[in-house]
Amino acid sequence: MRIYNSQVREKREFVPIEEGKVRMYVCGPTVYDQIHIGNARTFLSFDVIRRWLIASGYEVTFAQNLTDVDDKIINRANEQGRTSEEVASEFSDAFIEQMRRFNIMDPDIRPRATKEIGPMIAMIKSLIEQGHAYAVDNGDVYFAVRSDENYGEVSGRKIDDLMVGARIEENEDKRDPLDFALWKGAKPGEPSWPSPWGDGRPGWHTECAAMVHRYLGTPIDIHGGGGDLAFPHHENECAQATCCWHVPFVNTWMHTGMLRVDGEKMSKSLGNFYTLKEVLDEHSAPALRLLMLQTHYRSPLDFSYERLEGAENSLARIATAVENLRWAANHVEEGAAVDEQAAQKLIAATEAASAEFEAQMNDDFNTAGALAAYFNLVTEANTYLEQAAGAVDEEAAVVCAASIMGAFAILGIEVPIREALDLPDELVGLAADLVGFEGDGIEAAAEALLAARAEARAAKDWGRADAIRDRLNELGLMVEDTNAGARIKRA
Ligand code: AMP
Ligand code: ZN
């Protein structure tokens, strides 16, 4: 498996620190509002990366924090006349709810900044003792960037370049414009905790470093986030961790490309955002996942509702192919002449798609390429079904359908299959009423109705055939004539 390490700017063979195990950390959200679909794109990317590592046999430990103390939360709380805890609690719950709706796996460990103050203070104390940080009169503590000779290693920046544009704000008391806050002295009305430097709260970069160390142990295999976090957030996390514990922090840094609308990065500050909640209220999670995964995680992703509709249609096309394969496999006409060569061709195409999927995923999680392999297979399957008419090779059809379902399941995309079982119970009563059906199975009732309709049509009794159709319509059902015969579906 090869992974692009954004620190060295190239793909490298992935070698876990501990054989068979992967420890990964992905920066979580600041919980002051519903997340937008740009944030969701980053979280989805790492969800799929995690799923593929698991599918490849690794035992993955995945940690993600919730930043539940921050200026943005405090501002939102002040605007709304609420406490910062109330706002953070509401949007932590909202985040977890929307992630689950989007079929993102829960992290194994979900630390919250406000519950990790002790370990953060310990880290800051150690940094001060080792000469990498200093406290100032107002209770702030800063990290001395120039004390870290490797500063810039994560994002590839040079200290001298950073000096351009760096400045000290009026209310700051730092020694060097590059220094960043590890601890912020309390201001009236803000949440705060006691510390050796007086009451205050941690800086944002502080929490991730402390949590990675506490819950996963450094170095870790993979650390991820959106590309906008590489600098300064990840740079600063790394500086603190390496200066504090003297071991490497992260083996592979992974950064996602930005989701854009009309060519611009989606962000709260630009106001050009859709929340994940509003999108999922109107569209299916599998379609949004499919849309996003059709672009490589490192490339920018252009979002539009038209593209989302397109993904919805693609998904329906995949579902229909799977339904047709399964249905045809279950309805092979007796004595039909099966074309063995065509069946072998479908099996070979299935094996090729599966191998291509694996190769693409092993090549830096190229979900776009992996999906393309299966879109091709769906086309092959449709061609096969059309040519085979009723004479389908059962095994080829079943194997192909299972492979399609398996591939999408690995990506966490639930294909919206309408199972035969999905037909309503009322079908049994209808069959009893119309054709004297006596059993209680829904499938059997459907067969009986279809047989009666076929008989009526053969006898040119259009009135009866139409009556069956109309009564089915009343139940929201329709008869679909396929190459392999007629079947009843939800309209
Ligand atoms: P935040 O709550 O702002 O820290 O963002 C949470 C995550 O979403 C971070 O990993 C960000 O890098 C990521 N993110 C923010 N905006 C976008 C975007 N437009 N596209 C992709 N990821 C984003
Ligand atoms: Zn972080």
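Residues numbered from 1 in each chain as written. Chains lettered and ligands numbered in written order. Predicted model: local features only at pLDDT ≥ 70, side-chain atom pairs only at ≥ 80, totals over all residues. Heavy atoms only, no water.

In the nomenclature of an unreviewed UniProt entry, the chain corresponds to Cysteine--tRNA ligase from the organism Slackia faecicanis. The Catalytic activity (unreviewed entry) field of the UniProt record for the chain holds the comment "tRNA(Cys) + L-cysteine + ATP = L-cysteinyl-tRNA(Cys) + AMP + diphosphate". Turning to the chain, the UniProt annotation filed under Sequence similarities (unreviewed entry) states: "Belongs to the class-I aminoacyl-tRNA synthetase family." (UniProt positions renumbered as here; feature names shortened; annotations may be inferred.)

Trainee: Residues and numbers for the domain arrangement of the chain, please.
Mentor: Partitioning the chain into domains gives domain 1 (2-282), domain 2 (328-410) and domain 3 (426-490). Placing a centre on the C-alpha atoms of domain 2 and another on those of domain 3 gives a separation of 30 Å. (Domains from an automatic or database assignment.)

Trainee: So what's going on with the environment of Ile-404? Residues and values would help.
Mentor: Here Ile-404 lies in helix H13 (residues 394-410). Using a relative accessible area of 0% as the deciding quantity, one classes Ile-404 as buried. Placed 29 residues apart in sequence, Ile-404 and Phe-375 show a C-alpha to C-alpha distance of 9.2 Å. The contact partners of Ile-404, leaving out residues within four places of it in the chain, are Ile-318, Val-322, Leu-325, Tyr-374, Leu-377 and Val-378. (Helix = DSSP H or I, 4+ residues; strand = E, 2+ residues; numbered from the N terminus. Buried < 20%, exposed > 50% of the residue type's maximum accessible area, 1.4 Å probe, protein only. Contact = heavy atoms within 4.5 Å.)

Trainee: Outline the pattern of salt bridges, listing residues and values.
Mentor: Applying the stated criterion to the full structure yields 31 salt bridges. Among the salt bridges present, the one from Arg-260 reaches Asp-302, with a minimum N-O distance of 3.2 Å. Here Arg-260 is found in strand S11 (residues 259-261), whereas its partner Asp-302 is found in strand S13 (residues 301-302), with 42 residues between them in sequence. Taking the shortest distance from any N to any O, the salt bridge between Arg-471 and Asp-433 comes out at 2.9 Å. Here Arg-471 is found in helix H16 (residues 462-474), whereas its partner Asp-433 is found in helix H14 (residues 426-435), with 38 residues between them in sequence. (Salt bridge = Lys/Arg side-chain N within 4 Å of Asp/Glu carboxyl O.)

Trainee: Let's hear about the coordination of the zinc ion (ligand 2): which residues, and what values?
Mentor: Surrounding the zinc ion (ligand 2) are the protein donor atoms Cys-27 (SG), Cys-208 (SG), His-233 (NE2) and Glu-237 (OE), which sit 2.0 to 2.2 Å from the metal. Mapping the donors of the zinc ion (ligand 2) onto the primary sequence gives the spacing C-x180-C-x24-H-x3-E. Taken together, the positions of His-233 and Glu-237, both in helix H7 (residues 230-245) and four residues apart, correspond to about one turn of that helix. Residue class for His-233 comes out buried when judged on its relative accessible area of 1%. For Glu-237, a relative accessible area of 0% translates into the label buried. (Donors = N, O, S within 2.8 Å, 3.2 Å for Na, K, Ca; no water.)

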